[in-house]
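These are the residues of each chain, in order.
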Amino acid sequence: MPLVKINETKQYAISILPEKNRAYLKIIGFWRKPEVVPDYLKDWTKATSLLKKGFTLLTDASEMKTHPQELRKLHEQAQAILLKAGVSKVAEILKDEVAEMQLNAVAKATQFPKQNFRSVEEAEKWLDG
C-alpha cells in the first residue's frame, strides 16, 4: 500500500494511507517560528479531507527538537483541525523528553487522544488494534 504524499518540506512530511484510513506526520528538527511552516495547517486540512471520520494518526517526532512557545498555538490549531475531522487515535513516537513534555502539554490542552511510543512497530500495532 503506497503512501499518498500531501507535502514534504525540510521541517515535516504529511502523508496518508487511505486503505488504513491513517495519516502520517514526521516532524523534523527545530521550527524557529510559525513562518518556517507556512503551509502546515493547509496541508492538514487537505490530508483530513481525504480521510474518513475515525481515522488514526501516527506522528513521528523522534527527530523533533523542542519548539519555542510561539509554536504551541500552531500545534493546537493543527490538533483542532484533526479533532474536527474525526481523528480517533493518535500514536506519537518520541525520543526527546523535553519535546515529549511539550507535546503532552499541548495534547492535554486540546484533549487530543494520543499515546506515546518509542517505536513505529509498537505504534502501528496499537493503532491497528
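Before reading further, recall that the structure is shown in the block above.
No experiment lies behind these values; they were computed from the predicted model shown.

Q: Any details on the side chain of Thr48? Residues and values, ideally.
A: Summarising the element assignment, Thr48 is placed in helix α1 (residues 40–49). Contact partners of Thr48, with chain neighbours within four places excluded, come to Phe55, Ile81, Leu82 and Ala85.

Q: Break down the pairing of strand β1 (residues 4–8) for me, citing the residues and quoting the values.
A: Consecutive residues of a regular strand have side chains that alternate between opposite faces of the sheet. For β1 and strand β2 (residues 12–17), the ladder comprises four bridges, and the chain directions are antiparallel. Paired with Val4 across the strands is Ile16, a residue of β2. Between β1 and the antiparallel strand that follows it, β2, lie three residues.

Q: I'd love a proper account of the sheet that holds strand β3 (residues 22–29), names of residues and values included.
A: Sheet architecture is open: six strands sit in the order β1-β2-β3-β4-β5-β6, paired in mixed fashion. What marks the edges here is a single partner per strand, and that holds for β1 and β6 (114–117). Mean inter-strand twist for the sheet, computed between neighbouring axes without regard to direction, equals 15 degrees. Docked against the sheet, helix α3 (residues 97–110) engages β4 (56–64), β5 (89–93) and β6, running at close to 170 degrees with respect to β6. Each of β3, β4, β5 and β6 is contacted by helix α4 (residues 120–128), which is oriented at about 175 degrees to β5, the strand it contacts most.

Q: Outline the nonpolar core, listing residues and values.
A: Counting residues in each nonpolar core, the largest one holds 29 residues, and the members touching the most others are Ile14, Leu25, Trp31, Tyr40, Trp44 and Leu57. Elements represented by at least two residues in this core include exactly β2, β3, α1, β4, α2 (72–85) and α3. Looking at this core element by element, the count peaks at four residues for α2. Residues contacting Trp44, with those up to four places away along its chain left out, are Ile14, Ala23, Leu25, Leu57, Ala78, Ile81 and Leu82.

Rules of the game
Residues numbered from 1 in each chain as written. Predicted model: local features only at pLDDT ≥ 70, side-chain atom pairs only at ≥ 80, totals over all residues. Heavy atoms only, no water. Helix = DSSP H or I, 4+ residues; strand = E, 2+ residues; numbered from the N terminus. Contact = heavy atoms within 4.5 Å. Pairing = 2+ DSSP bridges. Axes fitted to C-alpha atoms, helices over the stretch in contact; angles between N-to-C directions. Core = buried A, V, L, I, M, F, W, Y, C linked by side-chain atoms within 4.5 Å. Buried < 20%, exposed > 50% of the residue type's maximum accessible area, 1.4 Å probe, protein only.

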